[in-house]
Amino acid sequence: LIFQKCAHLRLVCQAEQKPYYRSKLWWCGITLLGLGEVGNFTAYGFAPITLVAPLGCVSVIGSAFISVFFLKKTMRTADILGGTLTIAGIYLLVTFIPNVPQELTARQVQNYLVSWPFLMYSILEIIIFCILLYFYKRKAVKHIMVLLMMVALLASLTVIAVKAVSSMIALSVKGKMQLTYSIFYMMSVLMATSCAFQIKFLNQAMHLYEATAVVPINFVLFTTSAIISGVIFYREFQSAALLSVFMFLFGCLLSFLGVIIIARNKKEEHLQIPFIDCGHIPGQKLTGKIQPDSHNSCYGTLNKEDDSVKRQS
């Protein structure tokens, strides 16, 4: 993402404007972004949701520090403090990760899908989502919390489907074929659909509000919904000790605080559009002032020459 932003800033500063998709730096950013998403998708097949989702805060730390070198930003005290808290939270998350079996078969996914805890959770989630969608569509309520809560509710379904699809692909590669089950394709459709609508509402939030507000709120809501989904659907904390649960939640809290501190009071950067002098517009020749001096005594009135022409006409 930083490479893409750097490419846009460079293109604006060039005398000869060209489309961003012709920039090698922009395509480098797209390639790295794709590799990162592939790695994120693969991680769900080998680790619990309750670990993979909170580790998304690493991208926030990386963006804060890498932007110092590529975008020439100033390292703030808030960045160092937030990064320290986030790293401490990551350490607790990795240390007190729930010990659950990672081989997830298609039959296990089917059993989880019809379990009573998940059915109750799904009903509650659908009701909340319909209420939020009603206010969004009918009442035109586009508050940041309404938009990002809908994103979080959709994200909970996304992470469930992503882990199921990734785990079944991993088992199939190892020789235990899971791709012949219909549940694999059902989860694939759920993953694609929930991702599409999730991106729609997230783009709407990014359009209406600053990224410094959207990023921390979205991270907190997304991580919380992902953890709840992992606990309810995949029962990842079923046999965990109370101390492990407490330290894990404390690690999540430190990560949340770190992300909020890094994003807090960070100024939005706008692309500098070159100023166009109206006196140099092709085909136009301006001899007078466009805006008279406000300190002049004749400000807001016609000058004598224009006044005499008006009387003659």
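Residues numbered from 1 in each chain as written. Predicted model: local features only at pLDDT ≥ 70, side-chain atom pairs only at ≥ 80, totals over all residues. Heavy atoms only, no water.

- Going by the annotation in an unreviewed UniProt entry, the name recorded for the protein chain is NPAL2 protein, with Cinclus mexicanus given as the source organism.
- According to the UniProt record, the Subcellular location (unreviewed entry) comment for the protein chain is "Membrane". (UniProt positions renumbered as here; feature names shortened; annotations may be inferred.)

### Description of the overall build of the protein chain
In step 1: Assigned secondary structure in the protein chain consists of 12 helices and zero strands.
In step 2: Going residue by residue from the N terminus, the α and β elements of the protein chain occur as α-α-α-α-α-α-α-α-α-α-α-α.
In step 3: Intrachain contacts of the protein chain at a sequence separation of at least 6 include 79% that bridge at least 24 residues.
In step 4: As displayed, the protein chain has an accessible area near 19600 Å², and 67% of this comes from carbon and sulfur atoms. (Helix = DSSP H or I, 4+ residues; strand = E, 2+ residues; numbered from the N terminus. Contact = heavy atoms within 4.5 Å. Areas by Shrake-Rupley, 256 points an atom, 1.4 Å probe, with all protein chains shown as cover.)

### Comments concerning the packing of aromatic side chains
Each aromatic ring pair is characterised by the separation of its centres together with the angle its planes make.
In step 1: For the structure shown, the criterion picks out 10 aromatic pairs.
In step 2: Ring centres of Tyr112 and Phe233 lie 5.8 Å apart, and the angle between their planes is 65 degrees; on these two criteria the pair is classed as edge-to-face. Note that Tyr112 is positioned in helix α6 (residues 106–113) and Phe233 in helix α10 (residues 211–233), a separation of 121 residues in sequence. Each of the two residues, Tyr112 as well as Phe233, counts as buried.
In step 3: With centroids separated by 5.5 Å and ring planes inclined at 85 degrees, the aromatic side chains of Tyr136 and Phe201 adopt a geometry described as edge-to-face. Taken as a pair, Tyr136 in helix α7 (residues 116–137) and Phe201 in helix α9 (residues 182–208) lie far apart in primary sequence, 65 residues in all. With respect to class, Tyr136 is no different from Phe201; both count as buried. (Phe/Tyr/Trp six-rings, centres within 6.5 Å; stacked < 30°, edge-to-face > 60°. Buried < 20%, exposed > 50% of the residue type's maximum accessible area, 1.4 Å probe, protein only.)

### What about the UniProt feature "transmembrane region" (unreviewed entry) in the protein chain?
In step 1: Here the UniProt feature "transmembrane region" (unreviewed entry) sits at residues 25–46, 52–71, 78–98, 118–136, 148–173, 179–199, 211–234 and 240–263.
In step 2: Taken end to end, residues 78–98 has its terminal C-alpha atoms 31 Å apart, with 86% of it in helix and 0% in strand.
In step 3: End-to-end, the C-alpha atoms of residues 179–199 are 27 Å apart, and along that stretch the chain is 86% helix and 0% strand.

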